[in-house]
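# What the coordinates show
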Amino acid sequence: MNHDLTVGRPGRVIFSFCLPLFLSVVFQQLYNIADSFVAGRFIGEEALAAVGNSYEMTLIFIAFAFGCSMGSSVLVSRLFGAKDKIGLRSAVSTTLIATTICCLFLMAIGFTLGEWILKVINTPSSLMAPSWTYLWIYLLGLPFLFLYNFSTGIFSALGDSKTPFLFLAVSSISNIAVDIFFVATLGMGVEGVAWATFLCQGVSAVLALLVVRRRIRSEEGEEKAPLFSLPLLKEFLAVAIPSTLQQSFVSVGNILIQSNINSFGPGVMAGYAGSVKLNNLVITSFTTIGNGISNYTAQNLGAGKKERIKDGMKAGCAMVWLLSLPIFLLYFFFSPFLLSLFLESPSPEALSTGRVFLSILSPFYFVVSLKLVTDGVLRGGGEMKAFMIGTFSDLIIRVGLSFILSRTPLGSTGIWLSWPIGWSMGTVLSLYFYLSFLKKKKKDRVIVD
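Just so it is clear, the model here is predicted, and its values are computed rather than measured.

## Description of the overall build of the protein
Scanning the protein for helices and strands turns up 14 helices and 0 strands. A globule of 449 residues ought to have a C-alpha radius of gyration of about 22 Å, and the protein, at 21 Å, matches this closely. Seen along its three principal axes, the alpha-carbon backbone of the protein occupies a region of about 65 × 40 × 35 Å. Looking at the 449 residues of the protein, the share that counts as buried comes to 60%. The long-range fraction of contacts in the protein, counting pairs at least 24 apart against all pairs at least 6 apart in sequence, stands at 85%. In the structure as shown, the protein presents an accessible area of about 17800 Å², 70% of it carried by carbon and sulfur atoms. Taken as two groups, the 33 positive and 24 negative side-chain charges of the protein have centres that lie 9 Å from each other.

Here it is in structure tokens:
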């Protein structure tokens, strides 16, 4: 069911809309966590390192899928808030065409350059074959990733966060079962892990797209909407390109960091592969709540209700901070137990690496969550330049410091310290741009009045 985010108490609207989004991303991350869990427990430490090594490359493709999803979502949110049904239907078809073209292009690039990139990032020779096996099967399933993220973006734009959650909950649980069956029962190794994700993600993507089609039909009027609109494509690209660049550069930065980590050997690689999945689960969850704030902001701007944006920001911050506290306690005090889920007999180096990584990053979840909610407001408000500056500053600092500090006696611990420093500086910039955005909107309202 479609929901209007421009009416009702902002706190209640944000909570009821963003909570299913948060649960959805938890289940979405179960795909990757399940891969690492099965690889580490049923195949071995090197298999876990191989999956983790390929995973950093898959983040680039996820970045493009995310950018396309956000571009379509913000555009459709604004049209939905403005009650423009013709524009809404045209926006959905236009952005679907653009998303499909982008996906096919990336598949061609991935199959052509994927193995070469694995060599460039210093993948050990013993991990090259399983890393490439996992990656090329992942590339085959890329259309499912793009179609699902596109569908999720449209659901969110229409104020529905519960439907994609139901799809993901079922498919994620199924993925764990199929993972174990392919690897433990059929002995398919890393290849089985990849095929399980392919099959389960494919089912959820097709079902989600079918439901989106039905929802859009419910918004139909007497006048036929254009299948493709160049002006709407430009509006889509105005959000999609910066969002994609932001996520892509983050992914490239992670690949550079991964190449640095690889120089410390399989033990550190395995410890990082397990702990970074736990960290990414949290960061992606906060990012998804920020995406929900983007939809809320865009709908209210489309409806001309600018005064609700500040209250939405406050509600979003309260939500992520409530989530940060238990996650911090869990990661900080129980990291050895969590890491043991990925490794049946972890080496001391792998266990120590993962424990140190989580103990350094987890206290700063309160900081980075604030940044991601703030970025959500900026993106929903169309402040893409400010959004990108805050993100790139964080990334450049984090990547640069990871190489500098790792060359000191701190070793790999220096890499982990770069995260909270980058997060903190990026948060300061994002808050500055958010306050500037509020002042500008207040000034616009005064001029109109």
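After that view of the structure, there is still more to cover.
## Remarks on the packing of aromatic side chains
As enumerated under the stated definition, the model contains 18 aromatic pairs in all. Taking 5.4 Å as the distance between ring centres and 45 degrees as the angle between the ring planes, the aromatic pair formed by Phe-328 and Phe-332 counts as tilted. Pair noted here: Phe-328 and Phe-332 are both in helix 10 (residues 308-340), with a separation of 4 residues, about one helical turn. Ring pairing ties together the aromatic residues Trp-136, Phe-144, Trp-195 and Phe-198, which thus form one cluster. Of note, Lys-83 hangs over the ring of Phe-80, and the distance from its end group to the ring centre comes to 5.7 Å.

## Structural notes on the nonpolar core
Counting 66 residues, the largest nonpolar core has Tyr-331, Tyr-365, Trp-416 and Trp-419 as the members making the most contacts within it. With 14 residues, helix 9 (residues 266-302) is the single largest residue contributor to this core. Core analysis: the second largest hydrophobic core is formed by 47 residues, Leu-88, Leu-106, Trp-132 and Ile-216 among them.

## Section: the confidence of the model for the protein
The predicted model of the protein has a mean per-residue pLDDT of 84, with 91% of residues at 70 or higher. Mean pLDDT across the elements of the protein bottoms out in helix 1 (residues 10-43) (73) and peaks in helix 12 (residues 365-380) (93).

## Some thoughts on the packing of helix 8 (residues 230-262) against helix 9
Put simply, helix 8 and helix 9 touch, their axes get as near as 8 Å, and they point 140 degrees apart. Taken together, helix 8 and helix 9 sit at an angle that is classed as oblique. When helix 8 is examined against helix 9, the residues Gln-258, Ile-261 and Asn-262 are found in contact with a partner set consisting of Val-268, Met-269 and Tyr-272. The class makeup of the residues in the contact of helix 8 with helix 9 is 4 nonpolar, 2 polar and no charged.

## Remarks on the environment of Leu-96
The topology assignment puts Leu-96 in helix 3 (residues 85-120). Given a relative accessible area of 26%, Leu-96 falls into the partly exposed group. Expressed as a C-alpha distance, the spacing of Leu-96 and Phe-228, which sit 132 residues apart in the sequence, is 9.6 Å.

## Observations concerning the pattern of salt bridges
Per the stated rule, a full pass over the model turns up 5 salt bridges. With a shortest N-O distance of 2.7 Å, Lys-371 and Asp-375 are connected by a salt bridge. You can see Lys-371 and its partner Asp-375 sitting in helix 12, 4 residues apart, about one turn around the helix. Across this residue pair, the class does not change: Lys-371 and Asp-375 are buried.

Thresholds applied
- Starting afresh in each chain, residues are numbered from 1 along the sequence in its written order.
- A pLDDT threshold of at least 70 governs which residues receive local features in this predicted model, and a stricter bar of 80 or more applies before side-chain atom pairs are shown or counted, although totals over entire chains, interfaces and linings include all residues.
- Side-chain metrics rest on all non-hydrogen atoms present in the structure, leaving aside hydrogens and water.
- Secondary structure elements are defined from DSSP: runs of H or I of at least 4 residues count as helices, runs of E of at least 2 residues count as strands, and each element is numbered from the N terminus.
- Put simply, the radius of gyration uses C-alpha atoms, and a globule should come to 2.2 Å times the residue count raised to 0.38.
- Exposure classes here rest on a 1.4 Å probe applied to the protein chains alone. A residue is buried below 20% of its type maximum, exposed above 50%, and partly exposed in between.
- Residue contacts follow a heavy-atom distance rule, with two residues in contact if any of their heavy atoms lie within 4.5 Å.
- To measure how exposed things are, a 1.4 Å probe is used in the Shrake-Rupley method; for residues, cover is taken only from the protein chains shown.
- His is not counted here, nor are the chain ends, while Lys and Arg score as positive and Asp and Glu score as negative.
- To locate a charge, take atom NZ for lysine, CZ for arginine, CG for aspartate or CD for glutamate.
- Aromatic pairs are defined between Phe, Tyr and Trp rings, using the six-membered ring for Trp, whenever the two ring centres lie within 6.5 Å; interplanar angles under 30 degrees are classed as stacked, those over 60 as edge-to-face, and all others as tilted.
- Both a distance and an angle decide whether a charge sits over a ring: NZ of Lys or CZ of Arg must be within 6 Å of the ring centre and within 35 degrees of the ring normal.
- Buried residues of nine kinds, namely Ala, Val, Leu, Ile, Met, Phe, Trp, Tyr and Cys, make up a nonpolar core once their side-chain atoms join them within 4.5 Å.
- Each residue carries a pLDDT score, the predictor's own confidence in it, on a scale running from 0 to 100.
- As a rule, the C-alpha atoms of each element are fitted with a line to give its axis, helices using only the stretch in contact, and angles between N-to-C directions run from 0 to 180 degrees.
- Working definition: roughly parallel below 35 degrees, roughly antiparallel above 145 degrees, roughly perpendicular at 65 to 115 degrees, and oblique for all remaining angles.
- By the convention adopted, Pro, Cys, Tyr, Trp, Phe, Met, Ile, Leu, Val and Ala count as nonpolar, Lys, Arg, Asp and Glu as charged, and the other residues, Gly among them, as polar.
- Here, a salt bridge means any Lys or Arg side-chain nitrogen found within 4 Å of an Asp or Glu carboxyl oxygen.

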